[in-house]
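Next come the chains, spelled out residue by residue.
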Amino acid sequence: MAKKKLGLEDLGGFVFSTDENFEVDPDDLNSIETPTPENQHLEAHYSNKGRGGKIVTVVKGFKGADEVLTQLGKQLKKKCGVGGSVKDGEIIIQGDVREKVMQLLKQEGYKVKRVGG
């Protein structure tokens, strides 16, 4: 028995337009404008949930291109001298280095708010 098509994602990303002059530029789909650091409002969280009791600092609220977020994550990890990762639009830094991360982000021009514990 054939699987029913339930939504647009089941059509494989097909887009239809009745506009005769409609053109999709692939570069436009991947380019996301990244606001300047002064226009970013980030949150520095402290967390140990789902990590076997290990403490991490999580930076949330970044808006913009994934490449810029990844670069910022690398920069923070290097300056703190710890490991971490960038997943789902969040920067995860190992250890309780929230104060240092907040200071580094403020030096870069970001608006940072301390959230939780």
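Described below are features of the structure shown in this document. In this numbering scheme, every chain counts its residues from 1 along its sequence in written order. Thresholds applied to this predicted model are a pLDDT of at least 70 for local features of residues and 80 or more for the giving and counting of side-chain atom pairs; totals over whole chains, interfaces and linings are not thresholded and use all residues. As a convention, hydrogens and water are excluded, and side-chain values are obtained from all of the structure's heavy atoms.

## Looking at helix α3 (residues 98-107)
The condition that has to hold: When a residue's accessible area, from a 1.4 Å probe over protein chains only, is under 20% of the maximum for its type it is buried; when over 50% it is exposed; and in between it is partly exposed. Secondary structure elements follow DSSP: runs of H or I no shorter than four residues count as helices, runs of E no shorter than two count as strands, and numbering proceeds from the N terminus. Arc definition: directions from the helix axis to the C-beta atoms.
Looking at α3, one finds that the buried residues are R98, V101, M102, L104 and L105. Buried residues of α3, viewed axially, fall in a sector of 165 degrees; they line one side.

## A word on helix α2 (residues 66-80)
Note the following rule: Helix span, expected: 1.5 Å multiplied by one less than the number of residues in the helix. Throughout, a contact is declared for two residues whenever any of their heavy atoms are within 4.5 Å.
Counted at 1.5 Å a residue, the expected span for α2 with its 15 residues is 21 Å, and the 21 Å between its end C-alpha atoms agrees. Considered for burial, the residues of α2 that qualify are L69, L72, G73, L76 and C80. Taken end-on, α2 shows its buried residues confined to a sector of 100 degrees, consistent with a single buried face. The exposed set on the far side of α2, more than 90 degrees from its buried face, consists of E67, Q71 and K78. Looking at the packing, one finds that the buried side of α2 touches β3 (84-87), β4 (90-94) and α3. Backbone geometry just after α2 places G81 at a positive phi near 70 degrees.

These figures capture arrangement, not role.
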